[in-house]
Amino acid sequence: MNIVLVGMQWGDEGKGKVIDILSKKVDYIVRYQGGNNAGHTVVVGKQEYIFHLIPSGILHPGKICCIGNGVVIDPQVLLQELDSLRKNGIDFSRRFKISSLAHVIMPYHKNLDQLREKKRKNKIGTTGRGIGPCYADKINRCGIRMIDLLNPGVFRDKLKDNLKEKNEIFKKVYQHPGFSFQKIYRQYLDYGRLFASYICNTSALLNKATENKADILLEGAQGTFLDIDFGTYPFVTSSSTTSGGSCIGTGISPVKINKVIGVCKAYTTRVGEGPFPTEFAKDFGNFMRDKGNEFGSTTGRPRRCGWFDAIIARESVMLNGIQELAIMKMDVLDGLDKLKICIAYKYRGKLIKEFPCDFEVLSKAVPVYKEMPGWPNQNSKPRSFKELHPNAKAYLLELQKLLKAKITMVSVGSSRKDTIFI
Ligand code: GDP
Ligand code: IMO
Ligand code: MG
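Reading guide: rules and limits
Residues numbered from 1 in each chain as written. Chains lettered and ligands numbered in written order. Predicted model: local features only at pLDDT ≥ 70, side-chain atom pairs only at ≥ 80, totals over all residues. Heavy atoms only, no water. Buried < 20%, exposed > 50% of the residue type's maximum accessible area, 1.4 Å probe, protein only. Helix = DSSP H or I, 4+ residues; strand = E, 2+ residues; numbered from the N terminus. Pairing = 2+ DSSP bridges. Near = heavy atom within 4 Å. Polar contact = N/O pair within 3.5 Å; in protein donor to acceptor, adjacent residues only side chain to side chain. Areas by Shrake-Rupley, 256 points an atom, 1.4 Å probe, with all protein chains shown as cover. 1 Å grid on protein atoms, 1.4 Å probe; cavity = no way out; pocket = protein on both sides within 12 Å on 5 of 7 lines; lining within 4 Å. Sits in = over half its atoms within 2 Å of the grid points. Domains from an automatic or database assignment. Contact = heavy atoms within 4.5 Å. Salt bridge = Lys/Arg side-chain N within 4 Å of Asp/Glu carboxyl O. Nonpolar A, V, L, I, M, F, W, Y, C, P; charged D, E, K, R; others polar. Donors = N, O, S within 2.8 Å, 3.2 Å for Na, K, Ca; no water. Axes fitted to C-alpha atoms, helices over the stretch in contact; angles between N-to-C directions. Parallel < 35°, antiparallel > 145°, perpendicular 65-115°, else oblique. Left-handed = near helix turned anticlockwise from the far one by under 90°.

A.B. asks: I'm lost on the pairing of strand β11 (residues 259–265) in this one. Help?
C.D. replies: In the case of a regular strand, side chains alternate between the two sheet surfaces. With seven of seven residues buried, β11 lies mostly within the body of the structure. Side chains of β11 alternate between two faces, with Lys259, Ile261, Val263 and Lys265 and Val260, Gly262 and Cys264 buried alike. Where strand β1 (residues 2–7) lies against β11, five bridges are found, and the strand directions are parallel. Along β11, the bridge assignment pairs Gly7 with Val263. Two elements, β11 and strand β15 (residues 324–328), share five bridges in a ladder whose sense is parallel. What sits directly across from Val263, in β15, is Ala326.

A.B. asks: What's the story with the site of ligand 1 in this structure? I'm lost.
C.D. replies: Near ligand 1 you find 20 residues, and of these Lys15, Thr41, Ser297, Asp331 and Ser411 are the closest. Residue Lys15 places a main-chain N or O atom 2.8 Å away from an oxygen atom belonging to ligand 1. Interatomic distance of 2.5 Å between a side-chain N/O atom of Thr41 and an oxygen atom of ligand 1. Alone, ligand 1 offers 580 Å² of accessible surface; in the complex the protein occludes 91% of this. Spatially, ligand 1 is embedded in the second largest pocket. When residues of the shell around ligand 1 are traced back to their parent elements, those giving at least two are α1 (15–23) and β3 (40–44). Counting contributing residues per domain, the shell around ligand 1 is built from domain 1 (2–102 + 199–261) and domain 3 (263–421), each supplying no fewer than three.

A.B. asks: Looking at this structure, I do not really get the environment of Tyr185. What am I missing?
C.D. replies: Within the fold, Tyr185 resides in helix α6 (residues 181–195). Residues Tyr185 and Lys353 lie 168 residues apart in sequence; the distance between their C-alpha atoms is 53 Å. In this structure Tyr185 touches Pro152, Phe155, Arg156 and Leu159, once residues within four positions along its chain are discounted.

A.B. asks: In this structure, what is going on with the domain arrangement of the protein chain? I would like to understand it.
C.D. replies: By domain assignment, the protein chain separates into domain 1 (2–102 + 199–261), domain 2 (103–195) and domain 3 (263–421). Inter-centroid distance (C-alpha atoms) of domain 2 to domain 3 is 38 Å. Listed as interface residues are six residues of domain 2 and, on the opposing side, five residues of domain 3. The tally of links between domain 2 and domain 3 comes to zero salt bridges. Here the residues of the side of domain 2 that touches domain 3 sort into one nonpolar, three polar and two charged.

A.B. asks: Quick question: what am I supposed to make of the coordination of the magnesium ion (ligand 3) here?
C.D. replies: Within the protein, the magnesium ion (ligand 3) binds to Asp12 (OD) and Gly39 (O); these donor distances fall in the range 2.1 to 2.2 Å. Of this pair, Asp12 sits in the loop between β1 and α1 while Gly39 sits in the loop between β2 (28–31) and β3; the two residues are 27 residues apart in sequence, bridging distant segments of the chain. When its relative accessible area of 10% is taken as the criterion, Gly39 is described as buried.

A.B. asks: Explain unusual backbone geometry to me, please; I cannot follow it from the model alone.
C.D. replies: Peptide bonds are, in most cases, trans, and in most cases residues other than glycine have a negative phi. In this structure, the amide linkage connecting Tyr233 to the following residue, Pro234, adopts the cis form with an omega of 5°. In this structure, Pro234 sits in the loop between β10 (216–219) and α8 (244–248). Positive phi is not limited to glycine here, since Lys213 has a value of about 65°. Positionally, Lys213 belongs in the loop between α7 (202–211) and β10. Residue Lys404 is not a glycine yet carries a positive backbone phi of 55°.

A.B. asks: In this structure, what is going on with the site of ligand 2? I would like to understand it.
C.D. replies: Neighbouring residues of ligand 2: 20 residues in total, closest Lys15, His40, Thr127, Gln222 and Thr237. Between ligand 2 and the protein, one listed contact pairs an oxygen atom with a side-chain N or O atom of His40 at 2.7 Å. With respect to ligand 2, the side chain of Thr237 contributes an N or O atom lying 2.6 Å from an oxygen atom. Coverage of ligand 2 by the protein amounts to 97% of the 550 Å² it exposes when considered alone. With respect to the detected pockets, ligand 2 is housed in the largest pocket.

A.B. asks: Is there a simple way to explain the packing of helix α3 (residues 107–119) against helix α5 (residues 152–174) in this structure?
C.D. replies: Each packed pair of helices is defined by two parameters, the angle between the axes and the distance between the axes. With their axes 12 Å apart at the nearest point, α3 and α5 run at an angle of 25° to one another. One finds that α3 runs roughly parallel with respect to α5. Here α3 runs over α5; the crossing is left-handed. Across the interface between the two elements, Tyr108, Asn111, Leu112, Leu115, Arg116 and Lys119 of α3 pack against Leu159, Asn162, Leu163, Lys166, Phe170, Val173 and Tyr174 of α5. The residue makeup of the contact of α3 with α5, split by class, is eight nonpolar, two polar and three charged.

A.B. asks: Please clarify how the environment of Leu101 should be interpreted in this entry.
C.D. replies: By the secondary structure assignment, Leu101 is in the loop between β7 (96–99) and β8 (103–104). Discounting chain neighbours no more than four positions away, the residues touching Leu101 are Asn69 and Arg145.

The following block contains the structure:
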């Protein structure tokens, strides 16, 4: 069985927690897009792990974890992550794999990301990790792939070509001195040597596993509305975050995907710039940010917070083919008098019930809300659907009705045990 798990909003929905839980039941866990712009949190007891590149299933002994061809890899960050696993006594040596075809984030990608962002009038608010420039090189057919780091001759030619063009751009457009060939060449060949035992043909590995009836969990990063095609362009990331991206980013055929699970928060958050129709007003936004501890796992930036938006969530169900829903952070809504769910937008007197493609409409749309009664703070964590406060149950059933997908998991805290299975 091959299962895809995607974020349904603007990222940080709690994918890491759900991947960790589902990992118990599968054999392989595979990241298929994005890079270390992602920060996926897994809490085990008192220990918190934040994974940027390594699949969030790595804590489960015996499970094979792959970084698929659709991911962009910053070798320095990957080394740090692997080191920190070693320090925590987690053995991964024989069960961690990197696709030969994954593209490499180079130092000039990171600088270009940051310099571009500085120069832009309408800032995207990127993570500054070089994601956009690395994917741009991939599409421009001048990218460097993991396998290239194992072949000094090929790598030398590709790097020389890249630096020739990029150093001119750095100097002329950004008044930046550019990069020296030797330093990068030596450093990245070293990375190649360090990663050599993990680099392999992961699509062959995963297809063979599927033939042998193994179970694979495909871990999406970011969220549906950060997708390069379907997101709130240009305020998006540079990869296909939707379920379709899982096939491109792993080499597993669409006919071999059996299930798609969508993860969304019981409210909405977003980091970085871009339209966000249900965003809270400042004071309530600050209150909810503290209540939900909504600060970025990667950059530490404060996340913008807002009410649940059923228009975007329903669009997400459609785009991803979501069959099951995991609703996260329900506990953060405890203690509110009333809750709001956005069921339509109003723009120039017109009622809109579908996600608008027109950027201006989305930016200026006024949400139309359905109000629901809140519930008091809970003395103890509910352990089953039955134990939830009646108003919390009603809220979840309303979401299920609006999204036309079945809720199979409700999360009421960051640890594994704070999870209700339905
Ligand atoms: P991801 O990028 O989708 O994996 O999500 P992040 O890890 O960036 O952000 C989710 C945050 O919410 C993390 O700090 C999690 O530990 C935390 N979290 C996950 N589920 C719950 C929950 O049900 N309740 C609360 N209070 N926190 C949660
Ligand atoms: P996870 O996987 C939330 C946002 C950035 C910025 C935009 C583009 O943890 O959910 P980029 O660096 O990708 O070019 O930035 O995308 N962004 C995320 N927001 N969660 C993420 O990942 C994100 N990855 C990128 O804040 O607005
Ligand atoms: Mg995150």
